[in-house]
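Listed here are the chains, written in short residue letters.
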Amino acid sequence: AHTHTHTVRVHDLVPLSQSSLRTASGVGCRLQRDIILHCCNPLPDCPMPGPFQFTFTQFLSTRWHTAALLCSCMMAGVEPDNAVPLTPAQFADLFLSRRRLPAGRSVRGLCGRFIRGTKPADFEVLSDEPGKKLSWVCSPDMLGSVLGYNPTEAMMSIGFRTPWLKARLDDGTAHQLVVFPTTADTTVVTWAGLWGLISRAFGPEIDDALEPFKQQIEQLDTSNGYFAIDPEGTINRLGTLPVVEKCAHPGYLTSDRFLSTKVRTLYHARGFLDHAIGCNYRFTGTGHSPDGAVEMMTVNRQIADIAHAIVIPLVVTLEQIEAVPQSH
(Lines give C-alpha, C1' and ligand atoms only; values in the text may rest on other atoms or scores of the structure.)
Protein backbone atom coordinates (compact mmCIF):
# COMPACT_ATOMS: atom_id res chain seq x y z
CA ALA A 1 0.00 0.00 0.00
CA HIS A 2 1.36 3.40 -0.97
CA THR A 3 0.76 6.45 1.17
CA HIS A 4 0.94 9.74 -0.70
CA THR A 5 -0.51 13.19 -0.18
CA HIS A 6 -2.60 14.69 -2.94
CA THR A 7 -4.49 17.90 -3.42
CA VAL A 8 -7.42 17.48 -5.78
CA ARG A 9 -9.69 19.92 -7.59
CA VAL A 10 -12.89 18.66 -9.12
CA HIS A 11 -15.34 20.69 -11.22
CA ASP A 12 -18.96 20.35 -12.30
CA LEU A 13 -20.44 18.07 -9.68
CA VAL A 14 -23.97 16.73 -9.97
CA PRO A 15 -25.38 15.32 -6.70
CA LEU A 16 -26.77 11.80 -6.79
CA SER A 17 -29.17 10.01 -4.47
CA GLN A 18 -27.77 8.76 -1.16
CA SER A 19 -27.79 5.16 -2.39
CA SER A 20 -25.93 6.13 -5.56
CA LEU A 21 -23.29 8.11 -3.68
CA ARG A 22 -21.75 4.95 -2.31
CA THR A 23 -20.15 3.92 -5.57
CA ALA A 24 -17.07 1.80 -6.02
CA SER A 25 -15.03 4.94 -6.61
CA GLY A 26 -15.87 6.32 -3.19
CA VAL A 27 -15.86 9.85 -4.58
CA GLY A 28 -19.56 10.38 -3.97
CA CYS A 29 -20.25 12.56 -7.03
CA ARG A 30 -20.76 12.32 -10.77
CA LEU A 31 -17.89 14.05 -12.58
CA GLN A 32 -18.95 15.47 -15.92
CA ARG A 33 -15.70 16.99 -17.16
CA ASP A 34 -12.15 16.58 -15.92
CA ILE A 35 -10.38 15.71 -12.73
CA ILE A 36 -7.19 17.72 -12.23
CA LEU A 37 -4.76 16.10 -9.82
CA HIS A 38 -2.12 18.31 -8.24
CA CYS A 39 0.23 15.89 -6.52
CA CYS A 40 2.51 16.98 -3.69
CA ASN A 41 4.41 13.72 -4.22
CA PRO A 42 4.79 11.72 -7.44
CA LEU A 43 2.31 8.93 -8.01
CA PRO A 44 3.67 5.41 -7.44
CA ASP A 45 5.97 4.33 -10.29
CA CYS A 46 5.08 7.41 -12.31
CA PRO A 47 8.05 9.33 -13.82
CA MET A 48 6.13 12.61 -14.16
CA PRO A 49 5.73 14.95 -11.18
CA GLY A 50 2.31 16.25 -12.31
CA PRO A 51 -0.03 18.02 -12.40
CA PHE A 52 -2.07 15.50 -14.35
CA GLN A 53 -5.34 15.98 -16.16
CA PHE A 54 -7.69 13.07 -16.88
CA THR A 55 -11.30 12.62 -17.74
CA PHE A 56 -12.99 10.60 -15.03
CA THR A 57 -13.05 7.50 -17.25
CA GLN A 58 -9.36 7.88 -18.06
CA PHE A 59 -8.58 8.38 -14.39
CA LEU A 60 -10.29 5.14 -13.40
CA SER A 61 -8.39 3.26 -16.11
CA THR A 62 -4.94 4.42 -14.99
CA ARG A 63 -2.73 2.18 -12.92
CA TRP A 64 -2.57 4.88 -10.23
CA HIS A 65 -6.22 5.11 -9.19
CA THR A 66 -5.67 3.62 -5.72
CA ALA A 67 -8.20 3.84 -2.94
CA ALA A 68 -5.97 6.37 -1.22
CA LEU A 69 -6.17 8.71 -4.21
CA LEU A 70 -9.92 8.39 -4.51
CA CYS A 71 -10.44 9.10 -0.83
CA SER A 72 -8.11 12.09 -1.14
CA CYS A 73 -10.77 13.44 -3.51
CA MET A 74 -13.34 13.17 -0.74
CA MET A 75 -11.13 14.85 1.84
CA ALA A 76 -10.24 17.67 -0.56
CA GLY A 77 -13.83 18.79 -0.83
CA VAL A 78 -15.32 16.55 -3.49
CA GLU A 79 -18.87 16.82 -2.20
CA PRO A 80 -22.30 17.13 -3.77
CA ASP A 81 -23.16 20.74 -4.49
CA ASN A 82 -26.10 20.47 -2.08
CA ALA A 83 -23.72 20.31 0.90
CA VAL A 84 -24.08 23.08 3.48
CA PRO A 85 -20.90 24.46 5.11
CA LEU A 86 -21.63 24.78 8.84
CA THR A 87 -19.55 25.96 11.75
CA PRO A 88 -19.57 23.73 14.84
CA ALA A 89 -21.63 26.40 16.64
CA GLN A 90 -24.22 26.41 13.85
CA PHE A 91 -24.44 22.63 13.97
CA ALA A 92 -24.87 22.72 17.75
CA ASP A 93 -27.71 25.22 17.40
CA LEU A 94 -29.48 22.96 14.91
CA PHE A 95 -28.94 19.86 17.04
CA LEU A 96 -30.08 21.39 20.32
CA SER A 97 -33.20 22.84 18.71
CA ARG A 98 -33.85 19.50 16.95
CA ARG A 99 -33.96 21.11 13.55
CA ARG A 100 -32.99 19.32 10.37
CA LEU A 101 -31.38 20.77 7.29
CA PRO A 102 -33.75 21.48 4.39
CA ALA A 103 -34.67 18.41 2.37
CA GLY A 104 -31.90 17.34 0.02
CA ARG A 105 -29.16 19.24 1.86
CA SER A 106 -26.20 17.71 3.68
CA VAL A 107 -23.50 18.79 6.15
CA ARG A 108 -20.10 19.87 4.85
CA GLY A 109 -16.75 20.35 6.58
CA LEU A 110 -17.51 18.92 10.02
CA CYS A 111 -16.84 15.72 11.89
CA GLY A 112 -17.66 14.67 15.42
CA ARG A 113 -17.33 12.08 18.13
CA PHE A 114 -19.70 10.85 20.82
CA ILE A 115 -17.73 10.62 24.05
CA ARG A 116 -18.67 9.38 27.51
CA GLY A 117 -17.36 9.25 31.05
CA THR A 118 -18.06 9.31 34.75
CA LYS A 119 -15.64 12.07 35.77
CA PRO A 120 -14.43 15.36 34.26
CA ALA A 121 -11.08 13.93 33.12
CA ASP A 122 -12.93 11.48 30.86
CA PHE A 123 -14.11 14.39 28.71
CA GLU A 124 -10.73 16.00 28.09
CA VAL A 125 -9.71 13.91 25.08
CA LEU A 126 -11.49 12.43 22.08
CA SER A 127 -10.75 8.91 23.32
CA ASP A 128 -9.80 8.43 26.96
CA GLU A 129 -8.83 4.77 26.64
CA PRO A 130 -5.16 4.33 27.63
CA GLY A 131 -2.79 4.16 24.67
CA LYS A 132 -5.34 5.27 22.06
CA LYS A 133 -3.54 7.49 19.54
CA LEU A 134 -6.30 7.46 16.91
CA SER A 135 -10.04 8.05 17.24
CA TRP A 136 -12.99 7.13 15.06
CA VAL A 137 -15.16 10.12 14.19
CA CYS A 138 -18.54 10.69 12.57
CA SER A 139 -18.41 11.81 8.95
CA PRO A 140 -20.28 14.94 7.78
CA ASP A 141 -23.05 12.71 6.42
CA MET A 142 -23.38 10.89 9.72
CA LEU A 143 -23.54 14.16 11.66
CA GLY A 144 -26.22 15.40 9.32
CA SER A 145 -28.21 12.23 9.87
CA VAL A 146 -28.61 12.87 13.63
CA LEU A 147 -30.12 16.34 13.24
CA GLY A 148 -33.74 16.45 14.36
CA TYR A 149 -33.29 13.72 16.95
CA ASN A 150 -33.12 13.87 20.74
CA PRO A 151 -29.79 12.65 22.21
CA THR A 152 -30.92 9.06 22.67
CA GLU A 153 -32.41 8.81 19.18
CA ALA A 154 -29.23 10.33 17.74
CA MET A 155 -26.96 7.83 19.47
CA MET A 156 -29.14 4.85 18.62
CA SER A 157 -29.42 5.93 14.99
CA ILE A 158 -25.66 5.49 14.54
CA GLY A 159 -25.30 2.19 16.35
CA PHE A 160 -25.59 2.54 20.13
CA ARG A 161 -27.89 -0.16 21.46
CA THR A 162 -30.60 -0.32 24.13
CA PRO A 163 -28.87 -2.69 26.62
CA TRP A 164 -25.64 -0.69 26.49
CA LEU A 165 -27.39 2.65 27.04
CA LYS A 166 -29.41 1.26 29.96
CA ALA A 167 -26.24 -0.11 31.53
CA ARG A 168 -24.64 3.33 31.24
CA LEU A 169 -27.60 4.85 33.07
CA ASP A 170 -26.97 2.38 35.90
CA ASP A 171 -23.26 3.17 36.22
CA GLY A 172 -23.70 6.95 36.05
CA THR A 173 -22.07 7.50 32.67
CA ALA A 174 -22.62 10.89 31.05
CA HIS A 175 -22.45 11.59 27.31
CA GLN A 176 -21.27 14.43 25.09
CA LEU A 177 -20.98 15.10 21.36
CA VAL A 178 -17.81 16.88 20.23
CA VAL A 179 -18.12 18.62 16.84
CA PHE A 180 -15.17 20.20 15.04
CA PRO A 181 -13.97 21.10 11.53
CA THR A 182 -12.38 18.42 9.40
CA THR A 183 -8.63 18.93 9.02
CA ALA A 184 -5.64 17.23 7.42
CA ASP A 185 -5.54 14.97 10.50
CA THR A 186 -8.99 13.57 9.63
CA THR A 187 -8.91 10.77 7.08
CA VAL A 188 -11.38 8.52 5.29
CA VAL A 189 -10.10 5.14 6.44
CA THR A 190 -9.05 3.00 3.50
CA TRP A 191 -6.26 0.52 4.03
CA ALA A 192 -3.78 3.01 2.56
CA GLY A 193 -5.17 5.81 4.71
CA LEU A 194 -4.98 3.60 7.82
CA TRP A 195 -1.32 2.68 7.26
CA GLY A 196 -0.49 6.36 6.84
CA LEU A 197 -2.31 7.34 10.04
CA ILE A 198 -0.61 4.58 12.02
CA SER A 199 2.80 5.59 10.73
CA ARG A 200 2.26 9.22 11.71
CA ALA A 201 0.69 8.49 15.09
CA PHE A 202 2.85 5.57 16.28
CA GLY A 203 6.09 6.19 14.41
CA PRO A 204 8.37 4.10 12.19
CA GLU A 205 8.96 1.27 14.68
CA ILE A 206 5.31 0.20 14.61
CA ASP A 207 5.10 0.80 10.87
CA ASP A 208 8.14 -1.40 10.27
CA ALA A 209 6.71 -4.12 12.52
CA LEU A 210 3.45 -4.12 10.55
CA GLU A 211 5.06 -3.96 7.11
CA PRO A 212 5.57 -7.72 6.57
CA PHE A 213 1.88 -8.34 7.31
CA LYS A 214 0.11 -5.48 5.53
CA GLN A 215 -0.74 -7.36 2.35
CA GLN A 216 -1.89 -10.42 4.30
CA ILE A 217 -4.07 -8.25 6.53
CA GLU A 218 -5.70 -6.54 3.56
CA GLN A 219 -6.43 -9.90 1.93
CA LEU A 220 -7.59 -11.68 5.10
CA ASP A 221 -11.11 -13.07 4.84
CA THR A 222 -12.94 -11.92 7.97
CA SER A 223 -16.43 -12.93 6.86
CA ASN A 224 -16.23 -15.50 9.66
CA GLY A 225 -14.51 -13.16 12.09
CA TYR A 226 -10.87 -13.96 12.79
CA PHE A 227 -11.42 -17.73 12.65
CA ALA A 228 -8.67 -18.24 10.06
CA ILE A 229 -5.99 -16.89 12.39
CA ASP A 230 -7.73 -17.05 15.77
CA PRO A 231 -10.12 -20.02 15.96
CA GLU A 232 -10.55 -19.59 19.71
CA GLY A 233 -11.80 -16.02 19.29
CA THR A 234 -9.27 -14.46 21.65
CA ILE A 235 -8.79 -11.20 19.74
CA ASN A 236 -12.50 -10.42 19.72
CA ARG A 237 -13.07 -11.61 23.29
CA LEU A 238 -10.31 -9.41 24.72
CA GLY A 239 -11.43 -6.45 22.63
CA THR A 240 -14.90 -6.50 24.15
CA LEU A 241 -13.79 -6.60 27.82
CA PRO A 242 -14.27 -3.50 30.04
CA VAL A 243 -11.48 -0.98 29.50
CA VAL A 244 -9.63 -1.51 32.79
CA GLU A 245 -9.79 -5.28 32.46
CA LYS A 246 -8.69 -5.50 28.85
CA CYS A 247 -5.83 -3.02 29.21
CA ALA A 248 -4.45 -5.07 32.10
CA HIS A 249 -4.65 -8.36 30.20
CA PRO A 250 -1.26 -9.53 28.84
CA GLY A 251 -2.89 -10.71 25.61
CA TYR A 252 -4.41 -7.34 24.80
CA LEU A 253 -2.18 -6.05 22.01
CA THR A 254 -1.19 -2.51 22.83
CA SER A 255 1.67 -0.99 20.84
CA ASP A 256 4.17 -1.92 23.55
CA ARG A 257 2.97 -5.53 23.74
CA PHE A 258 2.98 -5.84 19.96
CA LEU A 259 6.55 -4.55 19.72
CA SER A 260 7.75 -6.73 22.59
CA THR A 261 6.41 -9.92 20.97
CA LYS A 262 9.54 -11.87 20.04
CA VAL A 263 8.05 -13.85 17.15
CA ARG A 264 5.33 -11.76 15.50
CA THR A 265 2.70 -13.40 13.35
CA LEU A 266 -0.35 -12.29 11.41
CA TYR A 267 -2.34 -12.92 14.59
CA HIS A 268 -0.34 -10.28 16.48
CA ALA A 269 -0.43 -7.73 13.66
CA ARG A 270 -4.19 -8.03 13.11
CA GLY A 271 -4.77 -8.12 16.86
CA PHE A 272 -2.87 -4.85 17.20
CA LEU A 273 -5.19 -3.22 14.65
CA ASP A 274 -8.22 -4.45 16.57
CA HIS A 275 -7.03 -3.61 20.07
CA ALA A 276 -4.84 -0.52 19.69
CA ILE A 277 -6.59 1.07 16.69
CA GLY A 278 -10.18 -0.16 16.96
CA CYS A 279 -10.34 -1.80 13.51
CA ASN A 280 -12.25 -4.98 14.28
CA TYR A 281 -13.04 -7.81 11.89
CA ARG A 282 -15.85 -5.78 10.28
CA PHE A 283 -13.38 -3.16 9.03
CA THR A 284 -13.41 -3.28 5.22
CA GLY A 285 -10.53 -0.97 4.29
CA THR A 286 -12.66 0.60 1.55
CA GLY A 287 -13.49 3.82 3.39
CA HIS A 288 -16.99 2.50 4.07
CA SER A 289 -18.50 0.30 6.76
CA PRO A 290 -20.27 -2.93 5.73
CA ASP A 291 -23.57 -1.01 5.65
CA GLY A 292 -22.12 1.71 3.40
CA ALA A 293 -21.43 4.56 5.85
CA VAL A 294 -18.24 6.58 5.31
CA GLU A 295 -15.65 5.70 7.96
CA MET A 296 -13.34 8.44 9.22
CA MET A 297 -10.57 8.62 11.78
CA THR A 298 -8.46 11.37 13.30
CA VAL A 299 -5.49 11.76 15.62
CA ASN A 300 -6.58 11.42 19.25
CA ARG A 301 -5.91 14.64 21.13
CA GLN A 302 -7.03 16.98 23.87
CA ILE A 303 -10.37 18.54 23.01
CA ALA A 304 -9.09 21.89 24.28
CA ASP A 305 -6.45 21.75 21.52
CA ILE A 306 -8.97 21.30 18.69
CA ALA A 307 -9.65 24.65 17.04
CA HIS A 308 -13.32 25.70 17.03
CA ALA A 309 -14.51 22.49 18.70
CA ILE A 310 -17.94 22.61 20.31
CA VAL A 311 -18.98 20.22 23.09
CA ILE A 312 -22.69 19.41 23.23
CA PRO A 313 -23.94 17.82 26.50
CA LEU A 314 -26.27 14.87 25.86
CA VAL A 315 -28.94 13.96 28.39
CA VAL A 316 -29.98 10.34 27.91
CA THR A 317 -33.05 9.19 29.85
CA LEU A 318 -34.80 5.88 30.37
CA GLU A 319 -37.97 7.38 28.90
CA GLN A 320 -36.14 8.27 25.70
CA ILE A 321 -34.54 4.82 25.47
CA GLU A 322 -37.85 2.99 25.90
CA ALA A 323 -39.56 5.23 23.35
CA VAL A 324 -37.23 4.03 20.58
CA PRO A 325 -38.42 0.91 18.69
CA GLN A 326 -36.92 -2.21 20.27
CA SER A 327 -35.20 -3.30 17.06
CA HIS A 328 -32.36 -1.19 18.42
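Residues numbered from 1 in each chain as written. Predicted model: local features only at pLDDT ≥ 70, side-chain atom pairs only at ≥ 80, totals over all residues. Heavy atoms only, no water.

## Side note on the pairing of strand β8 (residues 110-117)
For step 1, the next point in the chain: Most of β8 is tucked away, with seven of its eight residues classed as buried.
For step 2, the next point in the chain: Bridging between β8 and strand β10 (residues 174-181) involves eight bridges; their strand directions are antiparallel. Following the sheet pairing, R116 is matched in β10 by H175. (Buried < 20%, exposed > 50% of the residue type's maximum accessible area, 1.4 Å probe, protein only. Helix = DSSP H or I, 4+ residues; strand = E, 2+ residues; numbered from the N terminus. Pairing = 2+ DSSP bridges.)

## Observations regarding the packing of helix α8 (residues 191-202) against helix α14 (residues 266-277)
For step 1, the next point in the chain: α14 packs onto α8 with a crossing angle of 70° between their chain directions and a minimal axis gap of 13 Å. One way to sum up the angle between α8 and α14 is to call them roughly perpendicular. By crossing handedness, the relation of α8 to α14 is classed as left-handed. Here W191, L194, W195, I198 and F202 of α8 come into contact with α14, specifically with F272, L273, A276 and I277.
For step 2, the next point in the chain: Class assignment of the residues belonging to the contact of α8 with α14 gives a composition of nine nonpolar, no polar and no charged. (Axes fitted to C-alpha atoms, helices over the stretch in contact; angles between N-to-C directions. Parallel < 35°, antiparallel > 145°, perpendicular 65-115°, else oblique. Left-handed = near helix turned anticlockwise from the far one by under 90°. Contact = heavy atoms within 4.5 Å. Nonpolar A, V, L, I, M, F, W, Y, C, P; charged D, E, K, R; others polar.)

## Considering the nonpolar core
For step 1, the next point in the chain: In this structure, L194, I198, F272, L273 and I277 are the most contacted members of the largest nonpolar core, which totals 27 residues.
For step 2, the next point in the chain: Of all the secondary-structure elements, those providing two or more residues to this core are α8, α9 (204-210) and α14.
For step 3, the next point in the chain: Contacts of I198, omitting those with residues within four sequence positions, involve L134, G203, I206, L210, L273 and I277.
For step 4, the next point in the chain: Judged by nonpolar contacts, the second largest core, of 26 residues, contains L86, L147, L177 and V179. (Core = buried A, V, L, I, M, F, W, Y, C linked by side-chain atoms within 4.5 Å.)

## A few points about the side chain of S289
For step 1, the next point in the chain: Tracing the backbone shows S289 in the loop between α14 and β13 (296-299).
For step 2, the next point in the chain: Discounting residues that sit within four places of it in the chain, S289 has contacts with T284 and E295.

## Observations concerning unusual backbone geometry
For step 1, the next point in the chain: The backbone of R98 shows a phi angle near 55°, a positive value even though the residue is not glycine.
For step 2, the next point in the chain: Within the fold, R98 resides in the loop between α4 (88-96) and β7 (106-108).
For step 3, the next point in the chain: Phi at H308 is positive, roughly 65°, even though this residue is not glycine.
For step 4, the next point in the chain: In this structure, H308 sits in the loop between β13 and β14 (310-314).
For step 5, the next point in the chain: By relative accessible area, H308 is classed as exposed at 63%.

## Here's the deal with the packing of aromatic side chains
What describes a pair of aromatic rings is the distance from one ring centre to the other and the angle between the planes of the rings.
For step 1, the next point in the chain: Using the criterion set out here, one finds nine aromatic pairs in the structure.
For step 2, the next point in the chain: Consider the rings of F114 and F160, whose centres lie 6.0 Å apart with planes at 65°: the pair is edge-to-face. Taken together, the positions of F114 in strand β8 and F160 in the loop between α6 (151-157) and α7 (162-170) put the pair 46 residues apart, joining distant regions of the chain.
For step 3, the next point in the chain: Centroid distance F202 to F272: 5.5 Å. Interplanar angle 75°. Geometry classified as edge-to-face. Here F272 lies in helix α14 and F202 lies in helix α8, a separation of 70 residues in the sequence.
For step 4, the next point in the chain: F272 gets classed as buried once you look at its relative accessible area, which sits at 0%.
For step 5, the next point in the chain: Through a chain of ring-to-ring contacts, three or more aromatic side chains come together here, namely W136, W191, W195 and F283.
For step 6, the next point in the chain: The ring of W164 has R168 sitting right over it, with the charged end atom 5.1 Å from the ring centre. (Phe/Tyr/Trp six-rings, centres within 6.5 Å; stacked < 30°, edge-to-face > 60°. Lys NZ or Arg CZ within 6 Å of the ring centre and 35° of its normal.)

## Considerations on the pattern of salt bridges
For step 1, the next point in the chain: Scanning the model with the defined rule gives six salt bridges in all.
For step 2, the next point in the chain: A salt bridge links D93 to R99, with the shortest nitrogen-to-oxygen separation between them at 2.4 Å.
For step 3, the next point in the chain: Classification of R99 as partly exposed rests on a relative accessible area of 38%.
For step 4, the next point in the chain: One salt bridge in this structure joins K119 and D122, with 2.9 Å as the shortest N-O distance.
For step 5, the next point in the chain: Taking relative accessible area as the criterion, K119 reaches 45% and is therefore assigned partly exposed. (Salt bridge = Lys/Arg side-chain N within 4 Å of Asp/Glu carboxyl O.)

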